[in-house]
Amino acid sequence: MKRFLSVILLLALAVGLYGCGDRPAKRTSQSSQVSAVSQDSAATSDQATTDSARKATRDQVHQTTDPSNPVETHPMAWRINSDFFKRTLKQRRAELETEELLQTPELPTGCESVALTAALRCLGFTPDKTEIADNYLSYGEDVMWDYVGDPYDYDGAGVFPPGLTNCANNYLAATQRDKYAAYNTMGVEFENLLKLIDNGFPVVLWTTMDYEEPMLGDVAYEYEGEYYYWFELEHCVLLYGYDLDEGTVMLNDPMQGTVTMDFLQMKTVYDAIGRLSMTIKTKE
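These numbers were taken from a predicted model, which means no experiment stands behind them.

1. Observations regarding the overall build of the chain
Looking only at helices and strands, the chain has 8 helices and 9 strands in total. Once local pairs closer than 6 in sequence are excluded, the contacts in the chain between residues at least 24 apart make up 72%.

In structure tokens form, the structure reads like this:
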């Protein structure tokens, strides 16, 4: 059933659903065909040769996963113990140290990879801007677990929290830093995400490119008994701070840089999308 829905997703993308970095004006100048796997360019330019080599290397990495490593298998849906979210906020204002990190020009539809890179840097890791997309992200047809398309192309789509959580754990395993683990926080109330920031842990948050209520598509993916819809202008940002007195949250947006957003506006978008998020924190 999931593979059938994946095919429908690709068709829906081809007729007008947009991922991070894709606005309708841009899509009109691009091919409407979106492939779930990278295609080598037939061009003979130096840039095309570089792109072909990069894609071949990346494909080889993701075709040689070790089945004995649970981090690289789909069922690894890490969840935080619910007791964590029962604690109260210690601070009315909290802000993690971050730096503006933009996805352009390298990754026009790679907001998820760049938001995760910014989250990792909050915790002292030093991945390069394209390292996550090149070496740790899974590519395929199931947006719940794989990046659909190519983040280096304007026709790329995206990936949802379970896939990005696995991606982050792949990175953490490769760097042999066992203090931290990535956790899927899909479904967690927006107010509870602030408790992660309060304790020093960054949150990767799914939203829309314009921070308005999303236009949900017709394609739904099942996860733990719930259905989550792909949506137009899908985007991904880093939540790194909040101020309860001002009623705002602080975002590191791969399209816009650091942004201060009204708390209720961000909560409304988060809820409308289906509460999609993930985090990196000390292991439980």
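Picking up after the structure, the text goes on.
2. A look at the packing of aromatic side chains
Evaluated as defined, the whole model comprises 12 aromatic pairs. These aromatic residues form a ring-pair network of at least three members: F125, Y136, Y171 and Y180. Geometry around Y183 places K281 over its ring, the cationic atom sitting 5.6 Å from the centre.

3. A few points about the nonpolar core
One finds V249 and L251 to be the most contacted residues of the largest nonpolar core, which totals 79 residues. Among the elements that make up this core, the one with the highest residue count is helix α4 (residues 111-122) (8 residues). Excluding residues within four positions of it along the chain, V249 makes contact with F190, L194, L239, G241, Y242, V259, T260, M261, F263 and M266.

4. Examining the pairing of strand β7 (residues 248-253)
Counted residue by residue, β7 has 6 buried out of 6 residues, so it is predominantly covered. Of the two faces of β7, the one carrying T248, M250 and N252 and the one carrying V249, L251 and D253 are both buried. Sheet analysis places strand β6 (residues 234-243) next to β7, joined by 5 bridges and oriented antiparallel. What sits directly across from Y242, in β7, is V249. Counted between consecutive antiparallel strands, the loop separating β6 from β7 contains 4 residues, among which G247 sits at a positive phi close to 70°. Across 6 bridges, β7 lies against strand β8 (residues 257-262) in antiparallel orientation. Within β8, the position partnered with T248 by the bridge is D262. In this structure, the hairpin formed by β7 and β8 is closed by a connection of 3 residues.

5. Topic: the state of the cysteines
Applying the stated criterion across every chain, the model contains 0 disulfides. Not engaged in a disulfide, the cysteine C236 finds its nearest cysteine sulfur in C111; these two sulfurs lie 5.4 Å apart.

6. Remarks on the pattern of salt bridges
Under the criterion given, the structure shown has 12 salt bridges. Across the pair R79 and E224 runs a salt bridge whose closest N-O atoms are separated by 2.9 Å. In this pair, R79 is assigned in the loop between α3 (46-63) and β1 (93-95) and E224 in the loop between β4 (216-223) and β5 (226-231), connecting sequence segments 145 residues apart. With its nearest N and O atoms 3.0 Å apart, the salt bridge here joins R275 to D271.

7. Things to note about the packing of α4 against helix α6 (residues 161-174)
Running from N to C, α4 and α6 point in directions that differ by 45°, and their axes come no closer than 11 Å. Judged by the inter-axis angle, α4 sits oblique to α6. For the pair α4 and α6, the crossing hand works out as right-handed. Contact residues: α4 offers E112, L116 and L120, while α6 offers L164, C167, A168, Y171 and L172. In terms of residue class, the contact of α4 with α6 is made up of 7 nonpolar, no polar and 1 charged.

8. A look at the pairing of strand β3 (residues 203-208)
Counting buried positions along β3 gives 6 out of 6 residues, so the element sits mostly inside the fold. The two faces of β3 match: V203, L205 and T207 on one face and V204, W206 and T208 on the other face are all buried. For β3 and strand β9 (residues 277-282), the ladder comprises 3 bridges, and the chain directions are antiparallel. Each bridged residue has a counterpart across the sheet, and for V203 the counterpart in β9 is T279.

Thresholds applied
- Residues numbered from 1 in each chain as written.
- Predicted model: local features only at pLDDT ≥ 70, side-chain atom pairs only at ≥ 80, totals over all residues.
- Heavy atoms only, no water.
- Helix = DSSP H or I, 4+ residues; strand = E, 2+ residues; numbered from the N terminus.
- Contact = heavy atoms within 4.5 Å.
- Phe/Tyr/Trp six-rings, centres within 6.5 Å; stacked < 30°, edge-to-face > 60°.
- Lys NZ or Arg CZ within 6 Å of the ring centre and 35° of its normal.
- Core = buried A, V, L, I, M, F, W, Y, C linked by side-chain atoms within 4.5 Å.
- Buried < 20%, exposed > 50% of the residue type's maximum accessible area, 1.4 Å probe, protein only.
- Pairing = 2+ DSSP bridges.
- Disulfide = S-S within 2.5 Å.
- Salt bridge = Lys/Arg side-chain N within 4 Å of Asp/Glu carboxyl O.
- Axes fitted to C-alpha atoms, helices over the stretch in contact; angles between N-to-C directions.
- Parallel < 35°, antiparallel > 145°, perpendicular 65-115°, else oblique.
- Left-handed = near helix turned anticlockwise from the far one by under 90°.
- Nonpolar A, V, L, I, M, F, W, Y, C, P; charged D, E, K, R; others polar.

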